[in-house]
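Coordinate inspection notes
Next come the chains, spelled out residue by residue.
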Amino acid sequence: MHPVHVILAIVASAVWGVNFVAAKAAVLHFPPLLLLATRMFLVALLLLPFLKRVPIPLWRLASIAFVFTVLHFGFMFAGLARGVDVSVAVIVDQLRIPFAVLFGYLLLHERIHRRDLVGIAVALLGSACLIGVPNVIGNFSGFIMVMVGAISWAFYNILVKHVPMHGAISFIGWMALLGAPQLLLLSLYFEADHVNYFTQMPPIVMASLLYLVFASTIFAHGCWYYLLQYYPVSQIVPFSLLIPVFGMIASIALLEENITMGIIVGGTLTIVGVAIVVSKGVKKVEL
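The sections below set out a description of the structure shown in this document. Computed from a predicted structure; not experimentally measured.

Describing the packing of aromatic side chains
By convention here, two paired aromatic rings are described through the distance between centres and the angle between planes. One pass over the full model with this rule turns up 9 aromatic pairs. Summarising the aromatic geometry, the rings of Phe30 and Tyr197 are spaced 6.2 Å apart at their centres and angled 35° between planes, so their arrangement reads as tilted. On the criterion of sequence distance, the pair formed by Phe30 in the loop between α1 (3-27) and α2 (32-47) and Tyr197 in helix α9 (residues 194-199) is long-range, its members being 167 residues apart. Centroid distance Phe68 to Phe73: 5.0 Å. Interplanar angle 70°. Geometry classified as edge-to-face. Phe73 shares its class with Phe68; the two are buried. By way of ring pairs, the aromatic residues Phe68, Phe73, Phe77 and Tyr156 are connected into one cluster. One Lys or Arg, Arg39, reaches over the ring of Phe73 and ends 4.7 Å from the middle of that ring. The ring of Trp153 has Arg96 lying over it, and the distance from NZ or CZ to the ring centre is 4.8 Å.

Examining the pattern of salt bridges
Applying the stated criterion to the full structure yields 1 salt bridge. Close ionic contact of Asp93 with Arg96 constitutes a salt bridge, the shortest N to O distance being 3.7 Å. For Arg96, a relative accessible area of 13% gives the class buried.

Points about the side chain of Arg96
Along the chain, Arg96 turns up in helix α5 (residues 96-108). Discounting residues that sit within four places of it in the chain, Arg96 has contacts with Ala150, Trp153, Ala154 and Ile243.

Quick notes on unusual backbone geometry
You will see that His109, though not glycine, has its phi angle at about 60°, which is positive. Assignment of secondary structure puts His109 in the loop between α5 and α6 (114-129). Not every positive phi belongs to a glycine, and Glu256 is a case in point at roughly 55°. Inspection of the secondary structure assignment puts Glu256 in the loop between α12 (243-255) and α13 (261-281).

A short note on the packing of α5 against α6
It is at 10 Å that the axes of α5 and α6 come closest, and there the two elements cross at 140°. Comparing their axes, α6 and α5 come out oblique. As for the relative orientation of α5 and α6, their crossing is left-handed in sense. In contact with Pro98, Phe99, Val101 and Leu102 of α5, α6 contributes Asp116, Ile120, Ala123 and Leu124. Taken together, the residues of the contact of α5 with α6 sort by class into 7 nonpolar, no polar and 1 charged.

Details of the environment of Met40
Here Met40 lies in helix α2. For Met40, a relative accessible area of 4% corresponds to the buried category. Distance in space between the C-alpha atoms of Met40 and Gly167 is 18 Å, their sequence separation being 127 residues. Filtering out sequence-adjacent residues up to four positions away, Met40 remains in contact with Thr69, Phe73, Ala176, Ala180 and Leu183.

Some details on α2
The first and last C-alpha atoms of α2 sit 22 Å apart over 16 residues, in line with the 22 Å expected at 1.5 Å per residue. Summarising burial for α2: 12 of the 16 residues are buried, a large majority. Those residues of α2 that fall on the buried side of the exposure criterion are Pro32, Leu33, Leu34, Leu35, Leu36, Ala37, Thr38, Arg39, Met40, Val43, Ala44 and Leu47. Among the structural elements, α1, α3 (58-81), α8 (168-190), α9 and α10 (203-228) are those in contact with the buried residues of α2.

Thresholds, definitions, all that
- Residues numbered from 1 in each chain as written.
- Predicted model: local features only at pLDDT ≥ 70, side-chain atom pairs only at ≥ 80, totals over all residues.
- Heavy atoms only, no water.
- Phe/Tyr/Trp six-rings, centres within 6.5 Å; stacked < 30°, edge-to-face > 60°.
- Helix = DSSP H or I, 4+ residues; strand = E, 2+ residues; numbered from the N terminus.
- Buried < 20%, exposed > 50% of the residue type's maximum accessible area, 1.4 Å probe, protein only.
- Lys NZ or Arg CZ within 6 Å of the ring centre and 35° of its normal.
- Salt bridge = Lys/Arg side-chain N within 4 Å of Asp/Glu carboxyl O.
- Contact = heavy atoms within 4.5 Å.
- Axes fitted to C-alpha atoms, helices over the stretch in contact; angles between N-to-C directions.
- Parallel < 35°, antiparallel > 145°, perpendicular 65-115°, else oblique.
- Left-handed = near helix turned anticlockwise from the far one by under 90°.
- Nonpolar A, V, L, I, M, F, W, Y, C, P; charged D, E, K, R; others polar.
- Expected span 1.5 Å × (residues − 1).

Now the structure itself:
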């Protein structure tokens, strides 16, 4: 890879790692569904000029948006709002790649190698180690929400497997445009005092929201899909293993989270397991 492209891949991974800190700061003020609805409306507004016609029924596109925005992001942000530390969430989120490979085998009858099964087992063992850390004890529901968010991304990966995309940025725009109304309707039903959250929004929350929109959603995805135009997936996806590293560093530096031995052991096992899967099963996974 060209050195500039290597830097882009590392920067995109760093942005996504810090994204968990920005999300954590935002959900301390906003309820998760309202935060995500606002995020998606802003992304859709910014990407509206780039939307291209997708040759699949609108209802199918809306169902994919539901899995991606409501289930994946919704459960992930709900887990953070429940008190799950960034250091835990960013590790558990890595399970999306092993689950994507597993779903590809179960639902699409794709080949799965023995090495993939070893990697999945090691990654699951690593996440199981996190159950005993102080942040998860007594907050198991939040941990499960983050896990469901990761599994939802894996299922989203299956849904988009054979969807013809005329530009990744356009597809992200469609996900935001169709996901935002669904998130808003759910927020109106489950959450309250919507106006107050905007009128009383602290500057740090505003900064976090803008980071989620511009840096994480538009810039990082733009870099990632730009690189995928020039390099095979097998060369790009391994950089995603840096996301939990950057996420944990950011959680220590910005949130002063305590990284326990359980998190270190669990995180190491999870990353090693994902690395094993990526080394053989990466061609099955779309990011």
